[in-house]
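A closer look at the structure
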Amino acid sequence: MSTTAAVFAELTEVLTMAGVCASTFQTMAEEELADTHRQMGCLRDEVDRAMAFSAAEVARRSRPVFGDLGMARRTGARNDAEMLQKLTGGSRRDARRMIAVGQMMAEAEVTAGVEDDGRAEAGSVAAPAWFSALGRAVAAGELTVDQAASVRGGLGEPDAAVDDQALAAALPEIIALARDVNADAAFTAARRFRERLDTAGVAGRAEARRAKQFWRMWPKPDGMYRGEFELDPENGAYLKDVYDQLTSPRRGGPRWVNTKDAARDKALRDDPRSTERIAVEGLVRLVELGVSADPAVMPGLLPSTRKPAVRVITMKRDLERAGPARRDDPTRPDTGSGFGHLEGSDELIPLADARAAICDSGVLPVLFDEDGRALDVGREQRLFTTKQRVALAIRDGGCLWPGCDRPPSWCEAHHIDEWVADLGRTDVADGVLLCRYHHLLLHNAGWRIQRIGAAGYVLHPPASVDIERRPIALRARSLIMVKAPVHPPPASRLDPPDRPIARDGNSELPGSSVEGREPRARSA
């Protein structure tokens, strides 16, 4: 057995001899349980990294050019992925993921070696691949294998619109963001970057998504009907808004201030039917009303009196700069470079679709100043107005809590300075969107939000979560950013966590920033 194989064999034996079982964790205190899970994650990351290197080498020795003499075929496998499946019992998808990330790391290692010994200047080797920085980040432990695979998958491959140089230039920013999020969020962030790099292709991608839509249904032997559908982002967001209104009180949606809405909320919570049955019967009823009566007549079906809608957000300057366009005429594309997006969604839409929404529903203008602040209303009222909530939705894009994906429709407006206790103003600059769960968590568990400068916000954790109470930057999820994301300044510039949070609308952000992310524990 090789030295490397012996290391992993010894680790396996140690874990086996530890006798870990369900009761091992049932007797742990919460701190110990969380720390143990974190350490297991770190171990898994290191094993994944080593397996990716190994998978890449298996793939190299199994290349088709070797034919039957290749490593995989000599073991009876048809290809490298099948051999890895046999060795580990994993899925084909996992095998392909390990190979791809391992190859990125191996290429980055070769490139670094070439640069170190000076051969790169002599022109004896090809230029580094555009994803070299991603491979180096995994090899250095900055990203996990899953995060790297998600970033690579979200960015896609170079093409005529986005070349390898553009992708390479975007990687440092994407890697910095991916470090702090899970693999799913890393994929979404990378895909969003790719969309922004190719805004000219927004209309074409939107039309391609529309072409893939379908709705199928069929009868089952027991008389029930079953179906499936796939919708483009705009139609899907509209139908999801209907679904959320039908079911959100059961699923942790926002609390209602309006008396009628609150009564509908309570009636739905007390309804003996399952949430799934409420949703499907409500949908069928809405269809019945839509085909037989005024679609505005929907008494008692939805927990809110507002009409289901999908809010399209775009910039006025883009609409003014763009040339004429018709959604039904592909020969007359937009001449502008702008785009819009659906509130609470990561999907960009072409200006033609934004125009169609304006034609159908009209325009609600929301003006922001150069610092990203919407116009203030003052302290005359406690609750945020409808216009202010629209401004918050456009600015924040959903719940601002780190890692939360709730859209604006599921959020409540939080006063940074409590309206009664701190004489807080009901201004957009002093409010942020939080989903119901995180809004209650903030009030009940000692968290505080502080405004930094004109339109930046940081989250102060309680001492029970972080004894140093290091600030965490809150980043808006809106695709149309009226101001760049804000990083927290050094702790010396922040209010002490045990004192009331002061508002300083004129403070300037320093050049350096301090990340409020808890460092991952790793063994020396």
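Our structure's up above, just so we're on the same page.
What comes next is a walk through the structure. (Residues numbered from 1 in each chain as written. Predicted model: local features only at pLDDT ≥ 70, side-chain atom pairs only at ≥ 80, totals over all residues. Heavy atoms only, no water.)

Quick look at the overall build of the chain now. In terms of helices and strands, the chain carries 18 helices and 10 strands. Expressed as a percentage of its 524 residues, the buried residues of the chain come to 37%. Expressed as a percentage of contacts within the chain between residues at least 6 apart in sequence, the contacts between residues at least 24 apart total 62%. Counting only carbon and sulfur atoms, one obtains 55% of the accessible surface of the chain, whose full area is about 30,100 Å². (Helix = DSSP H or I, 4+ residues; strand = E, 2+ residues; numbered from the N terminus. Buried < 20%, exposed > 50% of the residue type's maximum accessible area, 1.4 Å probe, protein only. Contact = heavy atoms within 4.5 Å. Areas by Shrake-Rupley, 256 points an atom, 1.4 Å probe, with all protein chains shown as cover.)

Taken in spatial order, the 3 strands of this open sheet run β8-β9-β10, and their pairing is antiparallel. The sheet is open, and its two borders are formed by β8 (448-452) and β10 (472-473), each paired with just one other strand. As judged from the 5 bridges shared by β8 and strand β9 (residues 456-460), these two strands associate in the antiparallel manner. Along β9, the bridge assignment pairs Gln450 with Val458. (Pairing = 2+ DSSP bridges.)

Attention shifts here to the pattern of salt bridges. Applying the stated criterion across every chain yields a total of 27 salt bridges. Across the salt bridge formed by Arg97 and Asp94, the nearest N and O atoms sit 3.2 Å from each other. With Arg97 and Asp94 both in helix α6 (residues 92-116), this residue pair falls 3 residues apart, about one helical turn. Judged by relative accessible area, which is 31%, Asp94 ranks as partly exposed. The residue Arg97 makes a salt bridge to Asp146 at a minimum N-O spacing of 2.4 Å. One end of the pair, Arg97, is in helix α6; the other, Asp146, is in helix α8 (residues 145-155), and 49 residues separate them in sequence. Its relative accessible area of 29% is what places Asp146 among the partly exposed residues. Each of Glu195, Asp198, Arg205 and Arg209 takes part in a single network of salt bridges with overlapping partners. (Salt bridge = Lys/Arg side-chain N within 4 Å of Asp/Glu carboxyl O.)

Quick look at unusual backbone geometry now. With phi around 50°, Arg469 is a residue other than glycine that occupies positive phi space. Among the secondary structure elements, Arg469 is positioned in the loop between β9 and β10. Using a relative accessible area of 15% as the deciding quantity, one classes Arg469 as buried.

A grouping of Val7, Phe8, Leu11, Leu15 and Leu43 is seen on the molecular surface, where their side chains present a nonpolar patch of about 410 Å² in accessible area. In terms of residue count, helix α1 (residues 3-17) provides more of the nonpolar patch than any other element does, 4 residues in total. Looking at Val7, the relative accessible area reads 45%, which means it is partly exposed. (Patch = residues over 30% accessible without salt bridge, like charges linked within 9 Å, V, L, I, M, F, W, Y side chains within 5 Å.)

Moving on, we come to the packing of aromatic side chains. The geometry of an aromatic ring pair comes down to the distance between the two centres and the angle between the two planes. Within this structure, the stated rule accounts for 2 aromatic pairs. Ring centres 5.5 Å apart and planes at 80° place the aromatic pair Trp130 and Phe131 in the edge-to-face group. For the pair Trp130 and Phe131, a shared accessibility class is recorded, and that class is buried. Aromatic side chains Trp401 and Trp447 sit 4.9 Å apart centroid to centroid with 65° between the ring planes, which places their arrangement in the edge-to-face category. In this pair, Trp401 is assigned in the loop between α17 (386-396) and β6 (411-415) and Trp447 in the loop between α18 (436-444) and β8, connecting sequence segments 46 residues apart. The ring of Phe131 carries Arg152 above its face, with NZ or CZ at 4.1 Å from the centroid. The residue whose ring lies beneath Arg216 is Phe214, and the NZ or CZ to ring-centre distance is 3.9 Å. (Phe/Tyr/Trp six-rings, centres within 6.5 Å; stacked < 30°, edge-to-face > 60°. Lys NZ or Arg CZ within 6 Å of the ring centre and 35° of its normal.)

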